[in-house]
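Architecture and fold: a report
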Amino acid sequence: MVPEAEFTSYYDKPIVKAPPWGHEIPAYLFLGGIAGGSGLLAAGAQLTGRTLLRRNARLSAMAAVGLGGVALVADLGKPSRFYNMLRTFKVTSPMSVGSWILTAFAGGLTVTVGAEVDRLAGARLPLGPLRPVLRALEGPAGIEAAVFAAPLAGYTAVLLADTAVPTWNATHRDLPFVFVSSASLASAGLAMVTTPVSEAGPARVLAVLGVVGDVVAMKAMERRMDPVAAEPLHHGSAGTMLRWSERLAVAGAVGVLAGGRRRPVAVVAGLALMGASALTRFGVFEAGIHSTKDPRYVIEPQRRRLAARRAAGETGDSITTAG
Amino acid sequence: MEQPPRKGFFTDTSICIGCKACEVACKEWNHNPRDGDLELTGMSYDNTVSLGASTWRHVAFVEQGRDAIAAARTSGRALVSLGMPSVGAPASAVPAPDVAPPDTPEFRWLMASDVCKHCTHAGCLDVCPTGALFRTEFGTVVIQPDVCNGCGTCVAGCPFGVVERRSDGTAAPTYREGHRKGEQPPVPKRGVAQKCTLCYDRLLDDETPACAKTCPTTSIKFGDHTSMVASARERVAELHAQGMTEARLYGANELDGVGGTGSVFLLLDEPEVYGLPPDPRVCTADLPTMYKRAGVAMAGMVAAAAVAFWKGR
Ligand code: SF4
Ligand code: SF4
């Protein structure tokens with residue numbers, strides 16, 4: 001257990017502020033993951049000639065990107081200025097990097113979805129001479145989107161970790177692994193829901209790999225964190241969500257392995273996996289917000305690391321000095 | 001044009017009398033709307049509670065008895081004996097500790113005017129995606145309210161809980177807007193992040209920031225950052241020489257987790273007693289690690305997808 005730390009706080013008031021983010025943000029984390037994973041599935045299907053999986057994954061990615069984009073804009077204090085995100089590019093700002101990733105991903109994806117919709121409409125979209133251009137661009141655009149797919153699924157972990165929010169910051173080594181795994185299993189789950197089992201083989205494999213990655217990365221992450229900073233992941237509603245997330249993920253994987261070739265089972269397992277991913281995102285989000293409310297989550301880990309550095313003889317880097 | 005020297009504050013809490021003139025002057029000069037609903041908190045004389053979008057100076061009040069005073073003196077002495085970077089009179093030249101004015105041994109009242117630290121490595125500025133936050137020619141950190149889109153990333157990026165996105169600025173029941181009695185004046189700059197600008201507009205006119213100008217005890221000093229740090233070191237040595245080993249500096253070390261702060265403080269107890277983080281670290285210090293780990297994770301995801309298509313029948 002953690003040794004009892006003695007400290008005084010300022011009337012138990014928070015030290016850091018919670019970002020003013022509503023549930024649109026965890027919803028976006030979930031949708032961005034679905035979009036990224038679906039982008040990869042679409043590219044794989046494109047390269048291996050699985051037309052149904054390709055179409056469904058592209059359409060899923062587009063829906064997720066669209067809804068996710070709306071969620072992001074809705075959460076801004078000045079939604080009318082959302083385009084200021086693209087006014088500059090800053091490597092030090094994961095929010096900036098992510099906005100560009102999202103834009104690049106959506107660019108390629110839109111072309112592929114245009115082609116799919118045109119095919120669905122029996123080539124009746126009024127494209128005129130542009131149709132051959134669209135068809136020619138479709139393949140390269142799918143690959144372009146795929147290049148930005150994994151970054152789209154993973155950057156959100158850096159976005160949360162690169163903050164002063166104690167619990168998020170303490171996850172900074174391992175959260176990317178949790179998030180790409182969660183994105184993989186969720187997008188694979190969605191593909192299993194939308195696509196007949198004959199073409200959904202890759203989704204089944206990706207789902208199982210995603211679940212293994214998710215469970216392992218989550219455990220490794222919790223072990224490596226400062227024990228006090230990790231507490232919010234286990235307590236309260238965040239703890240409940242994360243426990244159910246793991247259960248659903250494992251159940252989904254078992255379903256895939258046991259009966260993934262039967263459509264009804266595949267659909268139920270796919271839904272369970274999507275639920276697991278949503279719970280992971282909302283749980284991690286909640287835990288971080290909670291960790292800003294109690295100054296203990298700031299003070300205890302910081303005092304511990306300061307004491308550890310002093311014990312190791314590093315005394316020159318403290319913000320508090322005798323002179 | 002020549003770059004002016006970095007400007008900063010030195011807030012000497014040992015001579016703060018808790019008059020809150022700084023809070024008032026700041027609000028007036030910057031047209032900051034009222035925060036909250038004028039409730040009494042029961043936190044000593046502090047009804048302001050914290051820094052925020054519309055509160056850029058906050059005076060903290062802490063009441064302490066004999067044990068807390070002794071503990072503060074001990075923790076301060078421990079700092080001295082750590083041999084931390086120190087300039088001025090060495091603390092070993094200290095006479096007997098009990099002559100220390102101005103508190104009684106049984107009770108003391110800590111008062112401290114907090115403000116944005118204008119960090120050397122500012123988390124808020126680093127993570128801002130729009131470039132609304134920028135470093136001025138005075139080395140301070142300022143938000144351009146007409147560029148900010150209110151994404152709130154800076155709020156999460158500040159290790160001191162300073163910057164905040166401005167909402168209505170008020171709570172019920174006085175939410176009605178207008179200029180009549182019982183109404184709130186209209187709240188400007190809603191939905192964008194707001195914090196201390198170190199009176200950027202005044203600095204441009206060679207004026208002292210409103211809080212420092214108004215402070216009747218010179219607890220808030222303003223000037224070139226290097227001279228602020230120098231006077232902070234002189235002052236802490238002076239207090240040590242008077243036996244007040246509880247005195248210590250906060251933010252004067254450029255090797256700390258935020259590269260030192262533009263606003264330096266002299267405190268009389270541990271930072272967390274005043275609501276300050278004990279070991280802040282700018283979040284972007286670990287960003288290279290985060291990007292590396294994320295890169296590996298992304299590669300893993302692509303590999304998993306490749307395996308899936310290779311194996312998946
Ligand atoms: S104290 Fe916070 S708001 Fe002020 S410069 Fe530092 S990081 Fe930015
Ligand atoms: S809220 Fe405004 S100042 Fe803060 S990070 Fe977003 S755009 Fe930048």
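Residues numbered from 1 in each chain as written. Chains lettered and ligands numbered in written order. Predicted model: local features only at pLDDT ≥ 70, side-chain atom pairs only at ≥ 80, totals over all residues. Heavy atoms only, no water.

Turning to the overall build of chain B, a few remarks are in order. Each helix and strand counted, chain B has eight helices and 10 strands in total. As displayed, chain B has an accessible area near 13000 Å², and 57% of this comes from carbon and sulfur atoms. (Helix = DSSP H or I, 4+ residues; strand = E, 2+ residues; numbered from the N terminus. Areas by Shrake-Rupley, 256 points an atom, 1.4 Å probe, with all protein chains shown as cover.)

In the vicinity of ligand 2 there are 13 residues, among which B:Cys128, B:Thr130, B:Cys148, B:Cys151 and B:Cys154 approach most closely. Grouping the constituent residues of the shell around ligand 2 by class yields eight nonpolar, five polar and no charged. (Near = heavy atom within 4 Å. Nonpolar A, V, L, I, M, F, W, Y, C, P; charged D, E, K, R; others polar.)

This paragraph deals with the interface of chain B and chain A. Across the contact, 97 residues belong to chain B and 85 residues belong to chain A. Carbon and sulfur atoms make up 63% of the area that chain B and chain A hide from each other, which totals about 7100 Å². The largest contributions to the chain B side of the interface with chain A come from B:Asp279, B:Met301 and B:Phe309, which together make up 12% of the buried area. The interface formed by chain B and chain A contains five salt bridges. (Contact = heavy atoms within 4.5 Å. Buried area = accessible area lost by both parts, 1.4 Å probe. Salt bridge = Lys/Arg side-chain N within 4 Å of Asp/Glu carboxyl O.)

Tallying each qualifying case throughout the model produces 13 aromatic pairs over all chains. Between A:Phe82 and A:Tyr83, the ring centres sit 5.8 Å apart and the planes meet at 75°, which makes this aromatic pair edge-to-face. Exposure remark for A:Phe82: the relative accessible area of 44% places this residue in the partly exposed category. Ring centres of B:Tyr250 and B:Phe265 lie 6.5 Å apart, and the angle between their planes is 65°; this geometry places the pair in the edge-to-face category. Note that B:Tyr250 is positioned in strand S9 (residues 248–250) and B:Phe265 in strand S10 (residues 263–267), a separation of 15 residues in sequence. The ring of A:Trp244 has A:Arg247 lying over it, and the distance from NZ or CZ to the ring centre is 4.6 Å. In this structure, B:Arg57 packs its charged tip against the face of B:Phe9, placed 4.5 Å from the ring centre. (Phe/Tyr/Trp six-rings, centres within 6.5 Å; stacked < 30°, edge-to-face > 60°. Buried < 20%, exposed > 50% of the residue type's maximum accessible area, 1.4 Å probe, protein only. Lys NZ or Arg CZ within 6 Å of the ring centre and 35° of its normal.)

So, about the packing of helix H1 (residues 24–48) of chain A against helix H11 (residues 263–293) of chain A. All names here are of chain A. With their axes 8 Å apart at the nearest point, H1 and H11 run at an angle of 140° to one another. In terms of their interaxial angle, H1 and H11 are classed as oblique. Relative to H11, the crossing made by H1 is right-handed. Counted together, Ile-25, Pro-26, Ala-27, Leu-29, Phe-30, Gly-33 and Ile-34 of H1 and Met-274, Ser-277, Ala-278, Arg-281, Phe-282 and Phe-285 of H11 form the full contact between these two elements. Partitioned by chemical class, the residues of the contact of H1 with H11 number 10 nonpolar, two polar and one charged. (Axes fitted to C-alpha atoms, helices over the stretch in contact; angles between N-to-C directions. Parallel < 35°, antiparallel > 145°, perpendicular 65-115°, else oblique. Left-handed = near helix turned anticlockwise from the far one by under 90°.)

Quick look at the confidence of the model for chain B now. Residue and element names in this part refer to chain B. Here chain B averages 90 in pLDDT, while 87% of its residues score no lower than 70. The model gives residues 86–101 a pLDDT under 50, and that stretch makes 19 contacts with residues more than four places away or in other chains. Across residues 169–174, where pLDDT falls below 50, the model places 14 contacts with residues more than four positions away in sequence or in other chains. With pTM at 0.93, the complex prediction returns an ipTM value of 0.96. (pLDDT = per-residue confidence, 0-100.)

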